[in-house]
Amino acid sequence: MHRDPQKLDQLRNGRSEIENHIIDEYVLGRISRREFLRRGSIIGLSIPLLGAIATACGGANSSSTASSGSTGTPKAGAKLRIAGVVPTSAINPAQIYDEGGLTMIQQTGEYLSFNDPKTNILQPMLATSFKPNADASVWTYTLRPGVTFSDGTPMTANDVVYSFQQNTNPKVYVNAASVFNGVLTNDGVKKVDDQTVEFHLEAPNGNFSYLISSDNYNMIIVPNGTDYSKWQKTFIGTGPFKLTSYQANTGATFAPNHSWWGGKVLPAELQHIFYQTQQPQITALQGGDVDIVNLIVPAGAEGVLNNPDYTLLDTKSSQHRELSMRCDKAPWDNKLVRQAMALSLNRPEIAQALFKGYAQLGNDNPFAPFFRSTDTSVPQRAQDLTKAKQLLSQAGHPSGFTTDLYTEDYQEMKNYAQIIKQAAQAIGININLHIDNQATYYKDHWLSGIMSLVDYGHRGVPNVVLTATLTKGGAWNAAHFDNPQYDGLVKQYVAALDLPTQKQIAGQIETLLLDETPWICAYYFDSLSVSKKAIGGVVTTGMGQIYLSGAGPVTA
Amino acid sequence: MAVYILKRVGLALITLWILSMIIFWVGQQLPGDPGRTILGNLATPAGVAALDHKLGVDRSIVTQYRDWVTNLAHGDMGTSYSYQAPIRPFITTALVNSLKLALVAFLICVPLAIASGVIAALKSGQWIDRSISVFGLSLLGLPEFVSGVFLIMIFGIWLNVLPVGATPPAGAGPLTQVYHLILPAIAIACVLFGYIMRMARAGTIEALNSDYTRTAVLKGLPTRTVVWRHVLRNALLPTITVVATQIGYLIGGLLVVEYLFHYNGIGSLTFKAAQAKDFPLLEATVLTIGVVYLVATLIADITYTLLNPRLRIGGDR
């Protein structure tokens, strides 16, 4: 196809400086079509517009769709049964933090935008467009007209403002505080008119649109004045489903919301069934009691992995484990010792052993491989026992030393801790393992242990991990890392709006962290779900959300 | 008899009161706290403290216990910390589920085990006796999570003749509910069969060797009459006691089976309450199990007394 300069000029007309900058990057071939779509969506250009610009530049006009599962067109009218994790407590959208809870709220609740798990591109949801000002310190969101809640009341800017104010309330603990800390305050959300909301940030933030997308799972939009502690009784939201019944500890049933803005909802009913552990979920799938199992780990799911009767829904995610080493305490206060520890690990073998390969290698920094801003030219750290021993000698530990490692009894982590112990032994570091239940670990050892291995869930952008775990005074800085150069780079990264700049700064951060190695991240493991082969149209995210409005049986 | 029952009820109440104090104190020793469990590990200490204060768990244990007992005396089981909902419906649902499962397991296991034990005793020393005894002993050593997995694999997945989950669809009728309970009930029955069978066998052999049985035989009574009227009545007395002591396990001890077969019984509810440090729910579940156990034991004692006229408590001799 040929470039159409006239069409391109028409489309550019009225665009802001930032928008034109991104268009220029694409026209000049500095970013791919995929990057163009992604960056454009971040700053609020609609997908149809992006597609039209891409066509005018000589590319095909098609947008990616987020769909997973079997090929074929799903049929309407099915009653789908989904096995999931039991929520740990009452369903309060502002306070839930667990997988069971977040899956529940996103059945009926929706976000301003949706992070497409296949492309990491933001898709419009309750907002049709969003754009930053020149320095990305103010973001303006245009709401989708005609959206109603499941009780028929129209959604307006008042509801959006209320929802955000509740989730930035400084007087009550809310789970989204970890995202909004240093980014958005309670009075930073302002209604412009019934269909427009402005977010005035504490500092410029190029990734803000991701921070309030579906990645921030608490940020569903609820009616103005909703008592969050009572939301569980109604599950009121704008989504494709509405609540039929909810029984804590047992399950929930949802019916289609026929006034949903997104069009036809295929399933006739969703029945979510709660399970305490994975094994009965897998046997329920094999026995035909459920159609889909949301969120599984490979260990224990061998019967359904690589089985032609089932479809594995594999979504890349940034879930990982951080092995922090106290940079303010001997022997870890010497970076050579930290590097040596990092070099002792065989990361591909670890990924295979713990996740049967459903993981990507980590390079000891918060930039997961699938993040668009990750600078993949930074060399991947690999096991090198010889060099590790040399570094230990240089650091004054030719015979090694003994230390303690604290971690939690959660998922694969105690197995990983054993692997770390064995790897360290090979270079002369003798590790005493202390594996506690989660409550004790988080209370007594997480931020104070000389070596601490902790879990981190998925996030769509690295901002929270960059700041909270490694900046001076970061709330989750278990390594007690204090590096002014790092802090400065993070500030620049957070403020950067265009991808090339983000990538360039990311490269500097990654290189710095490879040198300093305050914590080790050996892998980012995938988010896995599984369905019967005959079910299609299931969309899952790295966060563990599952979208079923377009799901149903498919013909072979 | 009335005095006896009253005395037993009084003792039961004292036992339950002591049990409640023990559980309350033990629950306090569990790591973590309710506010942290509800808000998550990353919640700020201030947020956790605020929620703990709202829940009242930062008060002294004596104050908490006193308030709880006072409410219970008025029939109020309280509100679950983690579910933020009244406890009574959770207990009722879980208890009913456990009773259903226990009943089906009971109906499968007890008649089978008693019949097997009696047959083994009647054929003592023969191959039938040895086969039944070895079979029973083998099952005794098989944990329910092992037998459960085998049952699921064979009947639920390979043969696909029985459902793998014990929870029936909503609105299911009695037959469907029983259909879903067959596999877990068999897993439980496997655990109990050997124990009950051996007690029945031992009791029957002792009764067969007794003077009254010899007299009945010498009187010329048919074998069937001797067994039904004289042997069984005495042989099953210790078996009744054994069965009654298993009621507590059948109601509250089936955590593994409940997890394996995905069944919301009182065992898994108790475990969840302990994990969440949900003290009101934990207290309620444990006391419920205690009440069931004490009632079952009381019924067993009364039945034992009624069946054994030699025991006269407070009566004429």
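Residues numbered from 1 in each chain as written. Chains lettered and ligands numbered in written order. Predicted model: local features only at pLDDT ≥ 70, side-chain atom pairs only at ≥ 80, totals over all residues.

Notes on the overall build of chain B
Link 1 in the chain: Helix and strand counts for chain B come out as 13 helices and 0 strands.
Link 2 in the chain: Its helices and strands taken in sequence order, chain B reads α-α-α-α-α-α-α-α-α-α-α-α-α from the N to the C terminus.
Link 3 in the chain: Judged by the C-alpha coordinates and their principal axes, chain B covers about 85 × 60 × 35 Å.
Link 4 in the chain: Per-residue burial over chain B gives 39% buried out of 317 residues.
Link 5 in the chain: A sequence separation of at least 24 residues applies to 71% of the contacts in chain B between residues at least 6 apart. (Helix = DSSP H or I, 4+ residues; strand = E, 2+ residues; numbered from the N terminus. Buried ≥ 20, exposed ≤ 12 C-beta atoms within 10 Å, placed from the backbone. Contact = placed C-beta atoms within 7 Å.)

Comments concerning the pairing of strand E7 (residues 189-193) of chain A
Link 1 in the chain: Inspection of the sheet shows E7 of chain A paired to strand E8 (residues 196-200) of chain A by 4 bridges, in the antiparallel sense. Within the sheet, the bridge partner assigned to lysine 191 of chain A lies in E8 of chain A and is valine 197 of chain A. (Pairing = 2+ DSSP bridges.)

Overview of unusual backbone geometry
Link 1 in the chain: Between alanine 330 of chain A and proline 331 of chain A the backbone carries a cis peptide bond, its omega angle lying at 0 degrees.
Link 2 in the chain: In this fold, proline 331 of chain A is placed in the loop between strand E13 (310-325) and helix H10 (335-343).

Some details on the interface of chain B and chain A
Link 1 in the chain: Of the residues lining the interface, 31 residues belong to chain B; the matching set on chain A comes to 26 residues.
Link 2 in the chain: Put simply, the parts of the chain that give the side of chain B that touches chain A at least two residues each are helix H2 (34-39), helix H3 (45-55), helix H7 (144-158), helix H11 (255-260) and helix H12 (266-275) of chain B.
Link 3 in the chain: The biggest single contributor to the side of chain B that touches chain A is H2 of chain B, with 4 residues.
Link 4 in the chain: For the side of chain B that touches chain A, a count of residues per class yields 16 nonpolar, 13 polar and 2 charged. (Nonpolar A, V, L, I, M, F, W, Y, C, P; charged D, E, K, R; others polar.)

Looking at the nonpolar core
Link 1 in the chain: In this structure, Tyr493 of chain A together with Leu101, Ala105, Ile188, Ala189, Ile196 and Ala200 of chain B are the most contacted members of the largest nonpolar core, which totals 242 residues.
Link 2 in the chain: The element that contributes the greatest number of residues to this core is helix H8 (residues 174-208) of chain B, accounting for 17 residues. (Core = buried A, V, L, I, M, F, W, Y, C linked by C-beta atoms within 7 Å.)

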